[in-house]
Amino acid sequence: MATLWLIIQREFISNVLTSRFMIGFIVCLISTAAAVFVQVEDYEKRLSAYHTALQEHQEEIRTWDLYSEINPKAHRKPNPFSIFNVGMEKSGADMVSIKLATPIWEKAAQKQGSDNPFLSIFLSIDVIFVFKIVLSALAILFAYNTISGEREAGTLKLVLSNPIPRDVLVLGKYLGGVLSLFPIMIVSFTVGIVIAYASPATDFDGGDLLRLIIVLAVSLLYVSICYLLGMLLSVWTKEAATTLILSMFIWGILTIIHSNAATFAVAKFPLYKSQPEKETRQQIGQLWEDFKKERNAHVLKMIGHAHPISAISYEGEISVGLNMSSPGELGFEEFYALKPIHKMDTTKFQEVLGYQEPLRVRYANKAEAILKRREAVDERNRQFAKTLSRFSFADAYRFAVGAITGTDRKSYNDFIRQSRSYKGQIVDYLTGKNVFSARAWFSSDSGSAEFVDLPVFQHQPNALAECLSRALADIFILFAWNIILFMGAYVSFLRYEMS
C-alpha cells in the first residue's frame, strides 16, 4: 500500500507541476465561467419572456367574450439546469396553443426564441460542452506519455528494475493521473455553480444542488475514460508522439464525428419509414371531409336541413358571417357572426352546436392520433440514432447529463404530452359547463362567457428519481468503458516488453 501511495504521489505531483496543468486549469476555468455567464444571462431573458407571456395570456383571457374564442396556451418554463447543459432547451417549442378543433402537433408549437447577442458567437456552448471537449482533450494530454514517454526517457526501465509489481505501478499511475485532473474539474464546476447561484433568476434548492453533484460525478467518470484511453494507447505504442497523434485522432472521432455521423446516417437512411408530411396532411384533410359528411347527415335528421345555419329562425334582414379553415389544414374551424342577434331564434341552432362541437373535438383527436403515429416513427428513428451514438463514451456522457438535468429529448416530449393532456382538461371543463350549446358560445348579448375557473397549465418537470432511472443505462456504459479501458491497460502493461 505504501508503494502504491508513493506512485500516486509521484504521478500527481509530476502532472500538477507542469505548464500544461496550469494552462489547462486556466483555459478550463475561464471557458466554464464564460459559458455559465452567457447561459445565465440567456436564462434570465428567457425566464423574463416566459413571465411576460404568462401575463399577456392572462390579459388575453379577460378579452374573451365568447366560449368559441377560447384559446388557452401551455407555456414551457425555462429549465435552470440549461445553464450547465443546454440540450433540447433552446431547440424545442416554448408554447403550445390549445385550439379545440386543431390537433396538437410538435411542428405547430411556437418558439419564443432568445435575443442574447452572445449566443451568435457562443452558440450553445455550456459547461458540459467545455468538459466534453476541453477537459477530455486535457486528459489525453496528461495520459499520452505515462508509459511511452517514460520508456523514451529511460525512466521506465529504471522503475521496473525495482521490486515494484507492475499491477501496482499501472494502478498508481492511473489514480495519480486522474486525481491531478479532478481539481481542475471540481474548481471549474464550483465556480460555475457560484456564478449561477449569484443570479436572482435562479432558485436552486437542496435537490437541485444534488443533481449538480451527480452531474459532476458523471463528469468525473467521463474524464477518467479519456485518461484511460490515452494511457492504454501509451502502453500500446513505443513513442510518445505516436501515442499523442493516435489518441487525438480517436478522441476526435468519438467526441465530434461519431454522433453527427450516426444522426446523419439515420436521417438519410431511416430504419423506420414514416408517412410523408404531405400524405399526412391529405389524410387529415380527408378526415375533416368525413366530419362534414357525418355532421351534415346528423343535422339533416335534426332540423331537415344539412347545415347548422339553416337552424336559425329570424325576423327581417340578417347578416350571417362564416369563417372556416381551408381543406387540407390540420384543424377545421367554423365561426359564426349573427347580426342582428336580437331578431333571431337560436334554440335549434344551439342544439345543433351542442352536437357539432363535441363531434369536431373528437375528429380533432383522430387527426392528432394520426400525427402521433408519425411522431412515434420519427422518435423510434431518433432512439435508434441514439443507440448507435452510445458507442461513443462522449455521447453516453451527453445523454446521461441530459437525462439528469431534464434537458434531453424525453423531457421535451413530456412537455408536448402534458400539453395534450391539458387540452383534454379544457374539453372536460367546457363539457362540464355545457357551453357548446350555450348562447354565449357564439353571442354575448345575454351575458359574456366566464373563465374564472379555467384550468391553468402547469408544466411539471421530471423528478430526480425518474431522471436518474433514464440516465442509468448511459451511466452504466460509462462505468463499462472505465472497466474495459483499465483492464486493457492493466493486461497490456503486464505483458509489456521493454525491448
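Note that the structure is predicted; figures quoted are calculated from it, not measured.

1. Side note on helix H13 (residues 409-432)
Taking 1.5 Å per residue, 24 residues should reach 34 Å; H13 reaches 35 Å between its end C-alpha atoms and fits that length. Positioned one or two residues after H13, asparagine 434 has a phi angle of 55°, which is positive.

2. Re the packing of helix H2 (residues 19-62) against helix H4 (residues 127-143)
Axis angle and axis distance: for two packed helices, these are the angle between their axes and the distance between the axes, and together they describe the pair. Contact pair H2 / H4: the axes reach a minimum separation of 9 Å and the direction vectors enclose 175°. By the angle class used here, H2 and H4 are roughly antiparallel. Of the residues in H4, those touching H2 at Arg20, Phe21, Gly24, Val27, Cys28, Ser31, Thr32, Ala35 and Val36 are Val127, Val130, Phe131, Val134, Leu135, Leu138, Leu141 and Phe142.

3. A short note on the side chain of asparagine 15
For asparagine 15, the position within the fold is in helix H1 (residues 2-16). Overall, asparagine 15 belongs to the buried group, its relative accessible area being 2%. Within the structure, the side chain of asparagine 15 is placed 3.3 Å from the side chain of serine 180, a separation counted as a polar contact.

4. With respect to the packing of aromatic side chains
The tally for this structure, following the rule as stated, stands at 26 aromatic pairs. Seen in terms of ring centroids, phenylalanine 415 and phenylalanine 457 are 6.0 Å apart; in terms of plane orientation they differ by 80°. Their pairing is edge-to-face. Here phenylalanine 415, found in helix H13, pairs with phenylalanine 457, found in the loop between H13 and helix H14 (464-494); they are 42 residues apart in sequence, far enough to count as distant. Using a relative accessible area of 12% as the deciding quantity, one classes phenylalanine 457 as buried. Ring pairs connect the aromatic residues Phe81, Phe84, Phe131, Phe189, Tyr197 and Phe204, which therefore count as one cluster.

Reading guide: rules and limits
- The written sequence of each chain sets the order in which its residues are numbered from 1.
- For this predicted model, a pLDDT threshold of at least 70 governs which residues receive local features, and a threshold of 80 or more governs which side-chain atom pairs are given and counted, while totals over whole chains, interfaces and linings are taken from all residues.
- Derived side-chain values reflect all non-hydrogen atoms in the structure, with water molecules and hydrogen atoms excluded from consideration.
- Every helix listed is a DSSP run of H or I at least four residues long, and every strand listed is a run of E at least two residues long, numbered separately from the N terminus.
- Helix span, expected: 1.5 Å multiplied by one less than the number of residues in the helix.
- Only the contacting stretch of a helix is used when fitting its axis, a line to C-alpha atoms as for every element, and angles between N-to-C directions run 0 to 180 degrees.
- Between 65 and 115 degrees an angle is taken as roughly perpendicular, under 35 as roughly parallel, over 145 as roughly antiparallel, and anywhere else as oblique.
- Contacts are residue-level and defined by heavy atoms, with any inter-residue pair within 4.5 Å sufficient.
- Throughout this description, buried means an accessible area under 20% of the type-specific maximum (1.4 Å probe, protein chains only), exposed means over 50%, and partly exposed covers the range between.
- A 3.5 Å cut-off defines polar contacts: any pair of N or O atoms within that distance qualifies, except that in protein one atom must be a possible hydrogen donor and the other a possible acceptor, and neighbouring residues in sequence count only when both atoms are side-chain atoms.
- Centres within 6.5 Å are what make two rings of Phe, Tyr or Trp a pair, Trp counting through its six-membered ring; a difference in plane orientation under 30 degrees is then read as stacked, over 60 as edge-to-face, and the rest as tilted.

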